[in-house]
Amino acid sequence: MAAKMQTLEDLYMDLLKDLYSAEKQLVKALPKMAKAAQASDLQRAFQEHLKQTEGQVERIERIFSDLDGSPRGKKCVGMEGLIEEGSEIMQEDAEPEVMDAGLIAAAQKVEHYEIAGYGTARAWAEQLGHRDAARLLQQTLEEESMANEKLTRIAESHVNMEAR
Ligand SMILES: [Fe+2]
């Protein structure tokens with residue numbers, strides 16, 4: 001049975017659980033994306049983001065330990081769908097540059113989804129007076145934005161290489 005959702009605090013905790021599930025799913029998906037990536041810069045970007053993602057999982061665990069709660073018990077179906085889209089691309093028999101472009105597109109959808117979720121979580125943490133949590137969520141938000149920008153730069157450099 002679903003837990004009661006009466007306050008913003010309840011909604012906030014629920015969102016953090018959702019983000020936790022999203023990150024845990026991503027920890028499993030990123031090594032596969034790194035393997036499927038053809039260009040070495042894209043492989044490296046996925047591997048680096050895997051390390052960052054592990055740190056993001058720990059941040060959410062820290063927030064919950066301060067609240068004496070557990071982040072477990074929810075499945076982020078949004079991330080499940082985005083990862084499914086990524087694995088559909090990986091199953092395609094695509095040219096290397098086409099595969100990479102598809103993987104970058106899938107990964108950027110993931111980053112935008114996370115940026116939306118963390119932006120809300122940070123705003124609610126501030127509203128609820130959870131200053132330490134807000135700071136941790138801000139750190140993750142910045143990492144997700146940088147990861148997104150890095151993917152844009154990689155995509156642009158690949159297009160430029162193609163053009164030459
Ligand atoms: Fe993340």
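Above: the structure in question.
Just so you know, these numbers come straight off a predicted model, no measurement behind them.

A. Structural context of the coordination of the iron ion. Taken together, Glu-23 (OE), Glu-23 (OE), Gln-56 (OE1), Glu-114 (OE) and Glu-144 (OE) make up the full set of protein donors to the iron ion, lying 2.0 to 2.5 Å away. Binding-site remark: the iron ion is held by donors from one chain whose sequence spacing is E-x32-Q-x57-E-x29-E. Here the residue Glu-114 occupies a position in helix α4 (residues 96-127), and Glu-144 occupies one in helix α5 (residues 131-163), the gap between them amounting to 30 residues. Of the two residues, Glu-114 and Glu-144, both sit in the buried class.

B. Fine view of the environment of Gln-38. Within the secondary structure layout, Gln-38 lies in the loop between α1 (8-36) and α2 (40-66). Residue Gln-38 is classed as partly exposed on the basis of its relative accessible area of 45%. Residues Gln-38 and Lys-51, spaced 13 residues apart in sequence, show a C-alpha to C-alpha distance of 20 Å. With near-sequence residues (within four places) excluded, Gln-38 lies in contact with Gln-43, Pro-96, Met-99 and Asp-100. At a separation of 3.0 Å, a polar atom in the side chain of Gln-38 contacts the main-chain carbonyl oxygen of Ala-36.

C. Unusual backbone geometry, seen in detail. Notably, Asp-68 is not glycine yet its phi reads approximately 60°, a positive angle. Mapped onto the elements, Asp-68 comes out in the loop between α2 and α3 (77-90). A residue is classified by how much of its surface remains accessible, and Asp-68, at 74% relative accessible area, is exposed.

D. Structural context of the side chain of His-130. Secondary-structure assignment places His-130 in the loop between α4 and α5. Reaching out from His-130, the side chain makes a polar contact with the side chain of Glu-9 at a distance of 3.0 Å. The contacts of His-130, once residues within four sequence positions are left out, are Glu-9, Tyr-12, Leu-67 and Ala-125.

Rules behind the numbers
- Residues numbered from 1 in each chain as written.
- Predicted model: local features only at pLDDT ≥ 70, side-chain atom pairs only at ≥ 80, totals over all residues.
- Heavy atoms only, no water.
- Donors = N, O, S within 2.8 Å, 3.2 Å for Na, K, Ca; no water.
- Helix = DSSP H or I, 4+ residues; strand = E, 2+ residues; numbered from the N terminus.
- Buried < 20%, exposed > 50% of the residue type's maximum accessible area, 1.4 Å probe, protein only.
- Contact = heavy atoms within 4.5 Å.
- Polar contact = N/O pair within 3.5 Å; in protein donor to acceptor, adjacent residues only side chain to side chain.

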